[in-house]
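Residue-level structural notes
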Amino acid sequence: MTVLQVDANSAYLSWTAAALLEQGYPVDIRTVPAVIAGNPKNRHGIILAKSIPAGKLGIGTGVSLFEARRKCPELLVFPPNFDLYLGCSDAMYEILKEYSPLIERYSVDECFLDHRTCAGHPASPVETAYEIKERIKAELGFTVNVGVGRNKLLSKMACELEKPDKVHCLLTDEDIRDKMWPLDVRELFMVGRATTRRLGKINIRTIGGLAKTDPLLLKAMFKSHGTLIWEYANGIDNGRIIPNDQIVQKGIGNSMTIKYDLLDPQEARSYLLSLTERVGGRLRHHRCKASLVVVSVCTGSFIRYTHQLKLPFFTSDTTTIYRYACRLLSESWKGEPIRQLGVRVGEFVRDDEYQLTVFDVETIEKDEALNDAVDQIRSRFGSEAIYRGVFANSDLNPIEGGVNGGNFLMMGGFRQ
Amino acid sequence: MKIVAKPVDMIATFSVQGKPTPYKFRYEDRSGRRIEVRIDKIISADSRKLAGIDSIVYTCQSEIDQTLRIFELKYIVGQCRWELYKA
């Protein structure tokens, strides 16, 4: 199996740059310190993407705009345009579809494709990789990195090696030894800050060091995650390329950061309802029913907690989920200022094979019919064509959560 | 030619297959004067997808103020909008 991973270089920024150049913007923002950041007034002021010159000044993705401006006062800041990004991602996907029918859109800017299925293209994987890279640059106006590997993990690691506009291969054991093993262990997929710290304590600092460690020691330290990262360090990954419509989702959730700190329980419940509207809609769209409801809270002092409840039945009804979410909130919330609220559902069954309860068959059928009608109206006339009375004449959106009003491709390749 | 990217009023014809052909457009110059330009000749038409935006760029030739000028017009398909792209 040979897998190609295509990853757009500083995606949001280079897509914005390509669109700006088309509109006659005088500079290519990829060549100067520039960032894409949310609006600080709505408390979304963090860096979403940075140009390579901005990265060199120590501005990282996820830091606050305030901090970035302190490091570089002449920093150019642009707001995100998610419709543009989705358009760029779709255009990139259209080009990739010409090479292989088996593609996994891993996120808005990353795709895996299986080279075995590139029937019409008998060229070697590396030739195909170069062709894809050059075509995207010429036709779409932004650069990509292409990683060629024996499996998904190696193609992803290859993709991250050196940026921008490069093709890298991790196909043989020598490649893994020479290119991947000298890297810092933090660079390995699935090794984060906490794992790096713990590995540092047993003197593992490079991927090679991790690969040569006894897997039993890692399993004792990190449980199954230890085995996973040991396999990854040795270039072992049996993950298949799964087309996005076959990805099984285990949970659906939405959250939102509120412009100000919430203190009023009634208002908190309204936000919870607008989030539940989104979650319920997505749940029904997936033709699932859930039996687990989770409410998550982030307080003004950045303390996060969640509270969950396993239901004795399965439901996809917005009102029912909302009722339980309210109960969870009132049980867990002690009145501290809320910065971020979230609702999540899990433990699904397909909506055509669930266990009915004897007592409320009629109400379930009525609720289903109502939800169906609401969903149909929303899909035909827009998500705000019909909404609950509580939201009338209020500043609150009747449906909250999700990037770009729910119309965006998220990490893992599903839509919110 | 320099990128102008200025929206213009346009009269265009659409073929049975849906392909647009610009005929005449109107724009405001720097002094606010409205100028109408009839397209005398279309030299080339290219479909493009830069930054994922579907567009057709026409290289055209017209006589403006008794000077023969070459310029580019752009039709942005998704927005059904015309622009004086380069002049």
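Residues numbered from 1 in each chain as written. Chains lettered and ligands numbered in written order. Predicted model: local features only at pLDDT ≥ 70, side-chain atom pairs only at ≥ 80, totals over all residues. Heavy atoms only, no water.

**A short note on the nonpolar core**
As a rule of thumb, nonpolar side chains are buried together in soluble globular proteins. Residue and element names in this part refer to chain A. Of all hydrophobic cores here, the largest spans 43 residues; its most connected members are Val6, Tyr12, Trp15, Ile136 and Phe142. For this core, the secondary structure elements donating two or more residues are β1 (3-8), α1 (11-22), β2 (34-37), α4 (82-97), β6 (110-114), α5 (125-140), β7 (144-149) and β8 (167-170). A total of nine residues in this core trace back to one element, the largest contributor, which is α4. Discounting residues that sit within four places of it in the chain, Phe142 has contacts with Ala8, Ser14, Trp15, Arg30, Cys88, Met92, Ile136 and Lys137. In terms of nonpolar packing, the next biggest core, distinct from the first, is built from 33 residues, Val295, Ala325, Trp333 and Ile338 among them. (Core = buried A, V, L, I, M, F, W, Y, C linked by side-chain atoms within 4.5 Å. Buried < 20%, exposed > 50% of the residue type's maximum accessible area, 1.4 Å probe, protein only. Helix = DSSP H or I, 4+ residues; strand = E, 2+ residues; numbered from the N terminus. Contact = heavy atoms within 4.5 Å.)

**A few points about a positive patch on the surface**
On the surface, Arg186(A), Arg193(A), Arg197(A), Arg198(A), Lys201(A) and Lys223(A) cluster together into a positively charged patch. The exposure class assigned to Arg197(A) is exposed, which follows from its relative accessible area of 55%. (Patch = residues over 30% accessible without salt bridge, like charges linked within 9 Å, V, L, I, M, F, W, Y side chains within 5 Å. Areas by Shrake-Rupley, 256 points an atom, 1.4 Å probe, with all protein chains shown as cover. Salt bridge = Lys/Arg side-chain N within 4 Å of Asp/Glu carboxyl O. Lys, Arg positive; Asp, Glu negative; His and termini not counted. Charge placed at Lys NZ, Arg CZ, Asp CG, Glu CD.)

**A look at the packing of aromatic side chains**
Residues and elements named next belong to chain A. Enumeration according to the criterion identifies 14 aromatic pairs over all chains in this entry. Centroid distance Tyr106 to Phe112: 5.5 Å. Interplanar angle 65°. Geometry classified as edge-to-face. Here Tyr106 falls in the buried class, since its relative accessible area comes to 18%. Within the aromatic cluster, the residues linked to one another by ring pairs are Tyr12, Trp15, Phe82, Tyr85 and Phe142. Here the basic side chain of Arg105 rests over the ring of Tyr93, its NZ or CZ set 4.6 Å away from the ring centre. Positioned above the aromatic ring of Phe112 is the side chain of Lys152, whose terminal nitrogen or guanidinium carbon lies 5.3 Å from the ring centre. (Phe/Tyr/Trp six-rings, centres within 6.5 Å; stacked < 30°, edge-to-face > 60°. Lys NZ or Arg CZ within 6 Å of the ring centre and 35° of its normal.)

**Remarks on the pattern of salt bridges**
Counted under the stated rule, the structure contains 31 salt bridges over all chains. Across the pair Glu22(A) and Lys74(B) runs a salt bridge whose closest N-O atoms are separated by 2.8 Å. Placement of Glu22(A) in helix α1 and of Lys74(B) in strand β7 (residues 67-76) is noted, with the two residues assigned to different chains. Each of the two residues, Glu22(A) as well as Lys74(B), counts as buried.

**Overview of the sheet that holds strand β11 (residues 304-315) of chain A**
Residues and elements named next belong to chain A. With antiparallel pairing, four strands are arranged side by side in an open sheet as β9-β12-β10-β11. With partners counted over all chains shown, the strands left at the sheet margins are β9 (251-262) and β11, one partner each. Direction aside, the axes of adjacent strands within the sheet are offset by 15° on average. Of the pairings in the sheet, the one linking strand β10 (residues 288-299) to strand β12 (residues 338-350) comprises eleven bridges and is antiparallel in character. Within β12, the residue paired with Leu292 across the bridge is Gly346. (Pairing = 2+ DSSP bridges. Axes fitted to C-alpha atoms, helices over the stretch in contact; angles between N-to-C directions.)

**Observations concerning the domain arrangement of chain A**
Domain boundaries in chain A define domain 1 (13-80), domain 2 (181-233) and domain 3 (248-411). Between the C-alpha centres of domain 1 of chain A and domain 2 of chain A there is a distance of 33 Å. (Domains from an automatic or database assignment.)

**Side note on the interface of chain A and chain B**
In this assembly, 16 residues from chain A lie in contact with ten residues from chain B. Taken together, the links from chain A to chain B amount to two salt bridges. Its salt-bridge partner being Arg48(B), residue Glu22(A) comes within 3.0 Å of it at the nearest N-O pair. On the surface where chain A and chain B come into contact, there are four residue pairs in polar contact (both at pLDDT 80 or more). Every element with two or more residues in the side of chain A that touches chain B is listed here: α1, α4 and α5 of chain A. (Polar contact = N/O pair within 3.5 Å; in protein donor to acceptor, adjacent residues only side chain to side chain.)

**Concerning the side chain of Arg339(A)**
Residues and elements named next belong to chain A. Among the structural elements, Arg339 can be located in strand β12. Here Arg339 occupies a buried position and makes no salt bridge, while the nearest side chain of opposite charge, Asp261, is found at 5.5 Å. Aside from chain neighbours lying at most four places away, what touches Arg339 is Arg43, Met256, Thr257, Ile258, Asp261, Cys298, Thr299, Gly300 and Phe302.

**Some words on the packing of α4(A) against α5(A)**
Residue and element names in this part refer to chain A. With their axes 11 Å apart at the nearest point, α4 and α5 run at an angle of 140° to one another. For the element pair α4 / α5, the angle class is oblique. Seen from above, α4 lies across α5 with right-handed handedness. Contacts between α4 and α5 involve Ala91, Met92, Ile95 and Leu96 from the former and Ile132, Arg135, Ile136, Glu139 and Leu140 from the latter. Its residues assigned to classes, the contact of α4 with α5 shows seven nonpolar, no polar and two charged. (Parallel < 35°, antiparallel > 145°, perpendicular 65-115°, else oblique. Left-handed = near helix turned anticlockwise from the far one by under 90°. Nonpolar A, V, L, I, M, F, W, Y, C, P; charged D, E, K, R; others polar.)

**As for helix α14 (residues 361-381) of chain A**
Residues and elements named next belong to chain A. With 21 residues, α14 should reach 30 Å at 1.5 Å per residue; the first-to-last C-alpha distance of 30 Å fits that figure. Every buried residue belonging to α14 is among Asn371, Val374, Asp375 and Arg378, and all of these are buried. Buried residues of α14, viewed axially, fall in a sector of 100°; they line one side. Those residues of α14 that are exposed and angled more than 90 degrees off the buried face are Glu362, Glu365, Lys366, Gln376, Arg380 and Phe381. Downstream of α14 by one or two residues, Gly382 has phi in the positive range, about 105°. (Expected span 1.5 Å × (residues − 1). Arc of directions from axis to C-beta.)

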